[in-house]
Amino acid sequence: MAQIKEPVKIGVYNNSPKVFLNEDGEADGIFIDLLEHVAEKEELEITFVSGEWQELKDLLSKGKIDILPDFAVSEENDSLFTINSIPVLSSWLEVYAVKGARLYSIRDLNNKTIGALKGSIQQQYLEEYLQDELALAFDLEICDTYPQCIEALRAGKADLLVASRFFYFSNHFPEDISPTGIIFKPADLYFGFQKEADTQLIQLIDRNLAEMKNDPNSAYYSILHSWLDPAFRKQQPKYFLWILTALLSILLVVLVFTFVLKYQVDLQTKALWRKNRQLTRAKERAEENERLKTIFLQNMSHEIRTPMNGIIGFLSLLKEPNLDPESREKYIDIVNKSGKRLLTTINNIIEISKIDSRQIEVKTSIVDLKEVMNFYYNFFLPQAKEKKIRIELKNDIPPEKAFIKTDKFILDNILTNLINNALKFTNTGVVEIGTSLEGEKVKFYVKDSGIGIPEGRQKAIFERFVQANLNMTRAHEGSGLGLSIVKAYVEILKGEIWLESKEGEGSTFTFTIPYIPAEPTTKTEEPVNLTEALQGEHLKILIAEDDNISFLFIQQLLNKPEITLLRAIDGKQVIELARTNPDLSLILMDIKMPVINGIDATRKIREFNSTVPIIAQSAYSFTGEQEQALKAGCNDYMTKPINKGRLLTIIRKYTRIPDKS
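Residues numbered from 1 in each chain as written. Predicted model: local features only at pLDDT ≥ 70, side-chain atom pairs only at ≥ 80, totals over all residues. Heavy atoms only, no water.

With that settled, the discussion passes to the sheet that holds strand β17 (residues 496-502). Spatial strand order, β13-β15-β16-β18-β17: 5 strands in an open sheet with mixed pairing. Edge strands, defined here as strands with exactly one partner in the open sheet, are β13 (390-395) and β17. Strand-to-strand twist across the sheet, computed as the mean angle between neighbouring axes with direction ignored, equals 10 degrees. Note that β17 and strand β18 (residues 506-514) share 7 bridges and pair antiparallel. Paired with Ile 497 across the bridge in β18 is Phe 511. In the packing of helix α12 (residues 482-492) onto the sheet, contacts are made with β17 and β18, and the angle to β17 comes to roughly 140 degrees. (Pairing = 2+ DSSP bridges. Helix = DSSP H or I, 4+ residues; strand = E, 2+ residues; numbered from the N terminus. Axes fitted to C-alpha atoms, helices over the stretch in contact; angles between N-to-C directions. Contact = heavy atoms within 4.5 Å.)

Relative to the helices and strands, Ile 114 is located in strand β8 (residues 113-117). As for Ile 114 and Leu 126, which are separated by 12 residues in sequence, their C-alpha atoms are 9.0 Å apart. Sequence-distant contacts of Ile 114, that is, excluding residues within four places in its chain, are made with Leu 109, Leu 126, Phe 138, Asp 139, Leu 140, Glu 141, Leu 160 and Val 162.

Let's shift gears to the packing of aromatic side chains. Within the structure shown, the criterion is met by 11 aromatic pairs. For the pair Phe 31 and Phe 191, a centre-to-centre distance of 5.3 Å together with 90 degrees between the ring planes defines the contact as edge-to-face. Placement of Phe 31 in helix α1 (residues 30-42) and of Phe 191 in strand β11 (residues 177-194) is noted, with a sequence separation of 160 residues between them. Overall, Phe 31 belongs to the buried group, its relative accessible area being 0%. (Phe/Tyr/Trp six-rings, centres within 6.5 Å; stacked < 30°, edge-to-face > 60°. Buried < 20%, exposed > 50% of the residue type's maximum accessible area, 1.4 Å probe, protein only.)

So, on to a negative patch on the surface. A grouping of Glu 23, Asp 24, Glu 26 and Glu 36 is seen on the molecular surface, where their side chains present a negatively charged patch. If you trace the backbone, Glu 26 turns up in the loop between β2 (20-21) and β3 (27-28). (Patch = residues over 30% accessible without salt bridge, like charges linked within 9 Å, V, L, I, M, F, W, Y side chains within 5 Å. Areas by Shrake-Rupley, 256 points an atom, 1.4 Å probe, with all protein chains shown as cover. Salt bridge = Lys/Arg side-chain N within 4 Å of Asp/Glu carboxyl O. Lys, Arg positive; Asp, Glu negative; His and termini not counted. Charge placed at Lys NZ, Arg CZ, Asp CG, Glu CD.)

Further remarks concern unusual backbone geometry. Following Glu 6, the chain continues to Pro 7 via a peptide bond in cis, the omega torsion being -5 degrees. Ser 16 connects to Pro 17 through a cis peptide bond whose omega is 5 degrees. With respect to the helices and strands, Pro 17 occurs in the loop between β1 (8-12) and β2. For Glu 43, which is not a glycine, the phi torsion comes out positive at approximately 55 degrees.

Next up on the list: the side chain of Asn 84. Mapped onto the fold, Asn 84 is located in the loop between β6 (81-83) and β7 (89-98). For Asn 84, the side chain forms a polar contact with the main-chain oxygen of Ile 86, separated by 2.8 Å. Reaching out from Asn 84, the side chain makes a polar contact with the backbone nitrogen of Phe 191 at a distance of 2.8 Å. Each residue touching Asn 84, except ones within four places of it in the same chain, is listed here: Tyr 190, Phe 191, Phe 193, Ile 202, Ile 205, Asp 206, Leu 209 and Arg 281. (Polar contact = N/O pair within 3.5 Å; in protein donor to acceptor, adjacent residues only side chain to side chain.)

In this section: the packing of helix α10 (residues 369-386) against helix α11 (residues 408-424). Contact pair α10 / α11: the axes reach a minimum separation of 11 Å and the direction vectors enclose 30 degrees. Here α10 and α11 pass one another in a crossing that is right-handed. Across from Leu 369, Val 372, Met 373, Tyr 376, Phe 380, Gln 383 and Ala 384 in α10, the residues of α11 making contact are Lys 408, Leu 411, Asp 412, Leu 415, Thr 416, Ile 419, Asn 420 and Leu 423. Its residues placed into classes, the contact of α10 with α11 shows 10 nonpolar, 3 polar and 2 charged. (Left-handed = near helix turned anticlockwise from the far one by under 90°. Nonpolar A, V, L, I, M, F, W, Y, C, P; charged D, E, K, R; others polar.)

With that out of the way, let us pick up the side chain of Thr 435. Looking at where Thr 435 falls in the secondary structure, it is placed in strand β15 (residues 430-438). Classification of Thr 435 by relative accessible area gives buried; the value is 1%.

Reading across the sheet, the 5 strands line up as β20-β19-β21-β22-β23 and stay open at both edges, with parallel pairing between neighbours. With one partner strand each, in any of the chains shown, β20 (563-568) and β23 (636-639) form the two edges of the open sheet. Averaged over all neighbouring strand pairs, the angle between strand axes comes to 20 degrees, with direction disregarded. Two strands pair when backbone bridges link them, and strand β22 (residues 614-618) and β23 are joined in this way by 4 bridges, in the parallel orientation. Looking at the pairing, Ser 618 lines up with Thr 639 of β23. Of the strands in this sheet, β21 (586-590) and β22 are in contact with helix α16 (residues 598-608), which crosses β21 at around 150 degrees. Strand contacts of helix α18 (residues 644-654): β19 (539-544), β21, β22 and β23, with the helix running at about 170 degrees to β23, the strand carrying the most contacts.

Remember, this is a structural readout, not a statement about activity or role.
Right, dumping it as structure tokens:
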């Protein structure tokens, strides 16, 4: 048997005879018997969780239960949940009324009050199709349970009741209510799973259903007969059984032949219907995937081309000979912002690829939450002032409890994305960030007074390439990857994230991570003025960089009389220069270089020079790369684009320049 997380939790609500709680409070019904049969065969442990239908759907979406029986295919269900491939039962909707009611067609529903189960496919069909498509005018009486619907019929609060065909076989069906013969919306019923459900569990269910349905003597048909045949016989007059027995004795041969022929026809019909349904669903999914792919490619093209146009365009304007200082400063600022926007898009694509390939590893360190929140408040304050909105910080964690163990890189990514989003979608008012302790969890929130998110988009907002407004005329930049990265990162930290929003009034994103207290750490060394720090010292630094632009940038940062720069454009040249220059003060080693890569070059250098500081630098930052570099003999690691303050601090740290302060 496949390795499936146990116990498997199954939702149970009252919809006899398909699924319900019996008089002893135990899970019962057709779906339950089938699942218990599969569990016994596969040696699978199962438990049951009871509740109302809508409550169980919410639990399923959050992963609190694993399976919810009695799922019908719908646009909402397909977008929020996964449904198995093999249908369990076939059903349709039927109109029920008090005996004696005169109803002949679906048009007789006009100007009536119709009862329906809350959150059911019946309610959705009545609201979205009969009212909108057939232009029928009626009122709805929504009930939490079928007994409430029956009482509404008897009390005159409802003229009719729309329920599935299985309502007729349920223990709720009373003698004073009868089916009208008005039926519509045939549908198959399945098992529902969470959107990111374990495919092994779904495949196990489908495999057993296929085996049982293809065997006329299987438990599947025994279970159906045990639930449906007794209820059918209960409704017949006593003399009907006597007549039926007499007819069976006379027509036994004819009936056997008819049954076999009908069974074969039904099998072929069901197989064709199943195949047609599978093809239809595959076509719909392919069309949806193609639509999302098209939107994504259009968004990516826009998000890459737009900042590139700004960079190239304004760099050309900076070449103008008569450019005044004010315009030059403005153009440089635009180029800088465009570059940051382009880098954000590329980083998001890289992060998604790392998440997909499971290259994200949690690396815990001691984090000062007070310092983190103050940093992000001060970091985003200029951006908020530029948009003329307020940014507020509420830190309710006492200083002595502010130090925790977590992955600072992942936490920084979560907060950066959420605060960026809040500022992007807020034009007036305030953005509030805050944190507090909630038992064994740290709670963070980012609240804004922005445009808000429509209720119909809130459950999908964490999906990839999705924004609240998913079309080609979006008013806001962005790839639609930020929130999916945030959700993945929160889950990697074993936390939870949720959203509260009202369109036009703002949104609040809240997430929690485990509270693991830690001892306070000493402050890191601040960047220094390298020229002042040198004061007569002389450095010889070897730059291992094959890219000309990257080298020129570092050269400009270190363009000082006290520093001699050497350059190598491949790994072999780095080794040779290191061997012929034993007085090197520092080596800046690019990881990805021609001939010999930076990690292998470091290993070779360490064979004849074990003391020269080697600082690895890379534009990739994949999981394990930093560890490989340090294991090969590098002293430290930097990611591109190179930060000037970080570079100067590292040079100050590893060149042993005396502290003049």
